[in-house]
Amino acid sequence: MVIADIKYKYETEKKELEIALLTNKNELNAVEIEQAKEKEASQNRYLLLTIIGLALLVAFTSLLVIQVQKKNKANSQLALKNQQVNKQNDEKELLLKEIHHRVKNNLQVVSSLLEVQGKNADEKTKVSIVDGQSRVRAMALIHEKLYQNENIASIDFGEYSQQLSRQIASLFPEKRNIKIDISTHKIALDIDTAVPLGLILNELITNAFKYGLEKNGQLQIALDMIENDHYVLVIKDNGTGLPVEFDLKKAKSLGLRLVNRLSKQLYGSVQYQSNG
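Small disclaimer: the values here were computed from a predicted structure and weren't measured. (Residues numbered from 1 in each chain as written. Predicted model: local features only at pLDDT ≥ 70, side-chain atom pairs only at ≥ 80, totals over all residues. Heavy atoms only, no water.)

A. Molecular detail of the overall build of the chain. Secondary structure assignment for the chain yields five helices and five strands. Ordering the α and β elements of the chain from the N terminus gives α-α-β-α-β-β-α-β-β-α. Relative to the globule expectation of 19 Å for 276 residues, the C-alpha radius of gyration of the chain, 50 Å, shows a markedly less compact shape. Overall, the C-alpha framework of the chain stretches about 175 × 40 × 30 Å when taken along its three principal axes. The long-range share in the chain, meaning contacts at least 24 apart out of those at least 6 apart in sequence, stands at 69%. Element-wise, carbon and sulfur atoms account for 56% of the exposed surface of the chain, whose accessible area totals about 20200 Å². (Helix = DSSP H or I, 4+ residues; strand = E, 2+ residues; numbered from the N terminus. Rg over C-alpha atoms; globule rule 2.2 N^0.38 Å. Contact = heavy atoms within 4.5 Å. Areas by Shrake-Rupley, 256 points an atom, 1.4 Å probe, with all protein chains shown as cover.)

B. Representation of the side chain of Arg135 in the model. Assignment of secondary structure puts Arg135 in helix H2 (residues 123-148). Beyond its immediate chain neighbours, meaning those up to four positions away, Arg135 contacts Leu199, Asn202, Glu203, Leu254, Gly255 and Leu258.

C. Spatial organisation of a positive patch on the surface. Together, Lys249, Arg257, Arg261 and Lys264 make up a positively charged patch on the protein surface. Positionally, Lys264 belongs in helix H5 (residues 254-265). The exposure class of Lys264 is exposed, given its relative accessible area of 62%. (Patch = residues over 30% accessible without salt bridge, like charges linked within 9 Å, V, L, I, M, F, W, Y side chains within 5 Å. Salt bridge = Lys/Arg side-chain N within 4 Å of Asp/Glu carboxyl O. Lys, Arg positive; Asp, Glu negative; His and termini not counted. Charge placed at Lys NZ, Arg CZ, Asp CG, Glu CD. Buried < 20%, exposed > 50% of the residue type's maximum accessible area, 1.4 Å probe, protein only.)

D. Looking closely at H5. Over its 12 residues, H5 runs 16 Å from end to end, which matches the ideal 16 Å to within 8%, given 1.5 Å per residue. Buried residues of H5: Gly255, Leu256, Val259, Asn260, Leu262 and Ser263, and no others. Buried residues in H5 make contact with H2 and helix H4 (191-212). Downstream of H5 by one or two residues, Tyr267 has phi in the positive range, about 60°. (Expected span 1.5 Å × (residues − 1).)

E. Spotlight on the sheet that holds strand E4 (residues 218-227). Across the sheet, which stays open at both edges, the three strands sit in the order E2-E4-E5 with mixed pairing between neighbours. Both outer strands of the open sheet, strand E2 (179-183) and strand E5 (230-237), are each paired with one neighbouring strand and no more. Direction aside, the axes of adjacent strands within the sheet are offset by 10° on average. Here E4 runs beside E5; their pairing, made up of eight bridges, is antiparallel. Directly across from Ile221, in E5, lies its bridge partner Ile235. In the packing of helix H3 (residues 157-169) onto the sheet, the strands contacted are E2 and E4, and the crossing angle to E2 comes to about 165°. (Pairing = 2+ DSSP bridges. Axes fitted to C-alpha atoms, helices over the stretch in contact; angles between N-to-C directions.)

F. The arrangement of H4 in detail. Over its 22 residues, H4 extends 29 Å from the first C-alpha to the last, a length consistent with the 32 Å expected when each residue adds 1.5 Å. A side-chain oxygen of the first residue of H4 lies 3.2 Å from the backbone nitrogen of Asp192; this N-cap is Asp190. (Polar contact = N/O pair within 3.5 Å; in protein donor to acceptor, adjacent residues only side chain to side chain.)

G. View of the packing of aromatic side chains. Counted under the stated rule, the structure contains two aromatic pairs. Aromatic pair Phe172 and Phe209: ring centres 5.5 Å apart, planes at 25°, arrangement stacked. With Phe172 in the loop between H3 and E2 and Phe209 in helix H4, the pair connects residues that are 37 residues apart, well separated along the chain. Overall, the relative accessible area of 12% leaves Phe172 in the buried class. (Phe/Tyr/Trp six-rings, centres within 6.5 Å; stacked < 30°, edge-to-face > 60°.)

H. Looking closely at the confidence of the model for the chain. When pLDDT is averaged along the chain, the result is 81, and 93% of the positions lie at 70 or above. The least confident element of the chain, judged by mean pLDDT, is helix H1 (residues 2-118) at 78; the most confident is E2 at 90. (pLDDT = per-residue confidence, 0-100.)

I. Local environment of the pattern of salt bridges. On inspection of all chains with the given rule, the structure shows four salt bridges. For Arg135, the salt bridge goes to Glu203, with nearest N and O atoms at 2.3 Å. Here the residue Arg135 occupies a position in helix H2, and Glu203 occupies one in helix H4, the gap between them amounting to 68 residues. Summarising the burial analysis for this pair, Arg135 and Glu203 share the class buried. Residues Lys145 and Glu159 are paired through a salt bridge, measuring 3.0 Å at the closest nitrogen-oxygen approach. Pair noted here: Lys145 is in helix H2 and Glu159 is in helix H3, with a separation of 14 residues, a long-range link. Note on Lys145: relative accessible area 7%, which makes it buried. Looking at Glu159, the relative accessible area reads 37%, which means it is partly exposed.

Written as C-alpha cells, this is what we have:
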C-alpha cells in the first residue's frame, strides 16, 4: 500500500513537472514568437522607411532633374534671345553706319553743287558760298567720324576738332604757320550735341583765320566738363581782337548769329572777352 502511494505520488509529481516544463516551453515559444513578430515588425518598419526614403530620393532627384532641365531650357531660350538681340543690334549698327555714310556723301554732293554754283558768282556771293561749303563739310565730318567709329553713338570731339581745324586751315594756305593747340580731355559727344557744337567750332575757327590771326598766330581750343553733362568750349587766339563796343549778341553776320542760335539750342550761352 505504501509502495502504491509512493508510485502514485511519483507519477503525480512527474506529470506536474512535465506540465510545468510544457508550460515553460509554451511560454518560451510565446516569447520567441513575440520576439520574432517584433523583429519582423521592426524589419518591416525599416523596409518601409527604406522604401519611403528611396521614394523621396527618387522624387527629389526627379524634381531636381526637372528643375535643371527647365533651367537649361530657360538658359537656352535666353541665349537664343540674346543672339537674336545681338544680331538685331549688329544689323541696326550696320544700318546706322550706312545711313551716316550716305548722309556724309550727300553733304559732299551739296558742297560740290555749291562749288559749281559759285564759279560764275560775284565775289560777295562766292564768299557766302565758301562759308556755306565750310559748314556743310563740318557736318559731313561728324557723320564720317560716326560711321568710321566702332561706337556709332558718339565721337571723340578732340579728334574731330583736330580734323576740322586742319580742314579749315587748308583753305588759308597763306596762314599755314598758325599754331593750333587743342585740349578736350577725350570727351565723347553724341550726334545731337556734336553737330551744333561742330558748327559753332567751324564758325569761330573760320573767323579766327579770316579776321583775327596773323600769319604766325596762335589758336587755342579747349573743351572741359565743368559738371555732369555741362561743358565749356573756349576758343582763344592772339589776334587783333574785335572793337571794344562789339556786342556778340547783337552781331549781324550770319556766322555769329548762327553761333548764338546754336548755343541756345544746346541750352548754353556765348561770351566774348578781349585782352587787347
